[in-house]
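# Coordinate analysis (summary)
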Amino acid sequence: DTRDPTSLRTPIVAVLGHVDHGKTSLLDKIRGSAVIEGEAGAITQHIGATAVPLDIISTIAGDLVDPDDFDLPGLLFIDTPGHHSFTTLRSRGGALADIAILVVDVNDGFQPQTLEALEILKRSQTPFIVAANKIDTVPGWNPKEDVPINDTYESQSDRVRQRLDESLYEIIGNLSDEGFSADLYWRVQNFQRNIGVVPVSAMTGEGVPDLLTVMMGLSQRYMKEEMEIDVAGPGVGTVLEVKEEKGFGTTIDTVLYDGTIRADDTIVVGGMNKPIVTEVRALLQPRPLAEIRTESRFEKVDEVSAASGIKVAAPDLADAMAGAPVRVVRDRDLEEVIAEVEAE
Ligand code: GTP
Ligand code: MG
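Residues numbered from 1 in each chain as written. Chains lettered and ligands numbered in written order. Predicted model: local features only at pLDDT ≥ 70, side-chain atom pairs only at ≥ 80, totals over all residues.

## Description of the site of ligand 1
Inspection of the region around ligand 1 gives 18 residues, with Gly 22, Thr 24, Ser 25, Gly 82 and Met 203 positioned closest. If you tally residues by element for the shell around ligand 1, the top one is helix H1 (residues 23-36), at 3 residues. (Near = placed C-beta within 6 Å. Helix = DSSP H or I, 4+ residues; strand = E, 2+ residues; numbered from the N terminus.)

Encoded structure:
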């Protein structure tokens, strides 16, 4: 057997929550912190996802994360829209995720899509933590850029602390009403049984070190075995969106969670009526920002390995379905792969 040995892939983290509660801002903040640390190149923007490697997480988290304690390569974040009309995108993100962050605005509290996201996580049994966001908007808040929550909490007035505590306990109460036992994350011993609530601000970065630390710890502790994959094996993924792209025709934005997909692979994709068997024409990644003025927004790559977000251009994708499986055939039996796609 000449295949590569098993290795650990990046856990897929879905970011879910009500509209405007700060999901995208939180990811922007994480990206921005890396830019400030002079490591912009290390965070890569994938199709529909952001990959943050372990050394960057460790840089942002400071003393909270020692990279030697971890062997997972980092985290792959999938942003989802909070608007009520995007239920299917949220379910897809939730179903794909190994772990999730439920973002709740501390002042706005639980809202309809917060509850909907909770239902999705319950159904898919996805472990998650709650980011109680926008703590900087608590009246009287004294911001301290990018510090762990403990450092900033200590420097707030009694009144401000009391206001924040009230909002946090309301969120914990709401979670309890939905059947989740939750507490402030530093009191949680077993993150599988109890939901940790992490106070953060996507604006000032306060609590972001804690959030990344908890996500890394949760993945390392409970997900490690599930992350063991044969990286060189035939790729497996899920279609997030089916999109027309100028010059490429119909493409599928795919999150790959197992193996590798190559630019010359035959793939089987779930279709409206029956599985589509087709050959990859191009694998596309977003271009780095510096090159945005070139004619195409995308750059062609020869192969990608899990976990990653990738746009696949191929003939006959018009009937491909969002949420459907994508499987690479390579040296496998085609009929067997078709049967697997049909069964999913
Ligand atoms: P959808 O994608 O539409 O569901 O929204 P979202 O959850 O991605 O929210 P987004 O990040 O777009 O933020 C919505 C608004 O809240 C923006 O104006 C942000 O600047 C603001 N915002 C987000 N996080 C914070 C925060 O921590 N503090 C403050 N003060 N404002 C925030
Ligand atoms: Mg958003």
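## Re the sheet that holds strand S5 (residues 74-79)
One open sheet holds the 8 strands; their spatial order is S3-S4-S5-S2-S6-S7-S9-S8, and the pairing between them is mixed. Looking at the sheet topology across the chains shown, the edges are occupied by strand S3 (44-46) and strand S8 (182-184). Here the average twist between neighbouring strands, direction ignored, is 25°. Where S3 lies against strand S4 (residues 49-53), 3 bridges are found, and the strand directions are antiparallel. Note on S4: the bridge partner recorded for His 46 is Ala 49. (Pairing = 2+ DSSP bridges. Axes fitted to C-alpha atoms, helices over the stretch in contact; angles between N-to-C directions.)

## Overview of the sheet that holds strand S12 (residues 249-258)
With respect to topology, 8 strands assemble into an open sheet ordered S15-S14-S20-S11-S12-S19-S16-S17, the strand pairing being antiparallel. A single partner strand is all that each edge strand has here, and the edge strands are strand S15 (276-279) and strand S17 (298-301). Neighbour-to-neighbour, the strand axes of this sheet turn through a mean angle of 40°, independent of strand direction. Taken together, the 3 bridges between strand S16 (residues 282-286) and strand S19 (residues 308-313) define a ladder with antiparallel strand orientation. What sits directly across from Ala 282, in S19, is Ala 313. Helix-sheet contacts for helix H8 (residues 334-343) involve strand S14 (266-269), S15 and strand S20 (325-328), and the interaxial angle to S20 is about 165°. (Contact = placed C-beta atoms within 7 Å.)

## Focus: helix H7 (residues 208-222)
Here H7 contains 15 residues, and its C-alpha end-to-end distance of 21 Å stays within 8% of the 21 Å for a straight helix at 1.5 Å per residue. The complete set of buried residues in H7 reads Val 208, Pro 209, Asp 210, Leu 211, Leu 212, Thr 213, Val 214, Met 215, Met 216, Leu 218 and Ser 219. (Expected span 1.5 Å × (residues − 1). Buried ≥ 20, exposed ≤ 12 C-beta atoms within 10 Å, placed from the backbone.)

## Section: the pairing of S14
Relative to S15, S14 runs antiparallel, the two being bridged by 4 bridges. From the neighbouring strand, Thr 266 faces S15, where its bridge partner is Glu 279. Connecting S14 to the next strand, S15, in antiparallel fashion are 6 residues. With 3 bridges joining them, S14 and S20 adopt antiparallel strand pairing. Counted as the bridge partner of Val 268 is Arg 327 from S20.

## Concerning the nonpolar core
Ranked by size, the top nonpolar core spans 88 residues in total, and within it Val 13, Ile 129, Val 130 and Ala 132 carry the most contacts. If one sorts the elements of this core by residue count, H7 sits on top with 7 residues. Excluding residues within four positions of it along the chain, Ile 129 makes contact with Ile 101, Tyr 185, Ile 195, Gly 196, Val 198, Val 214, Met 215 and Leu 218. (Core = buried A, V, L, I, M, F, W, Y, C linked by C-beta atoms within 7 Å.)

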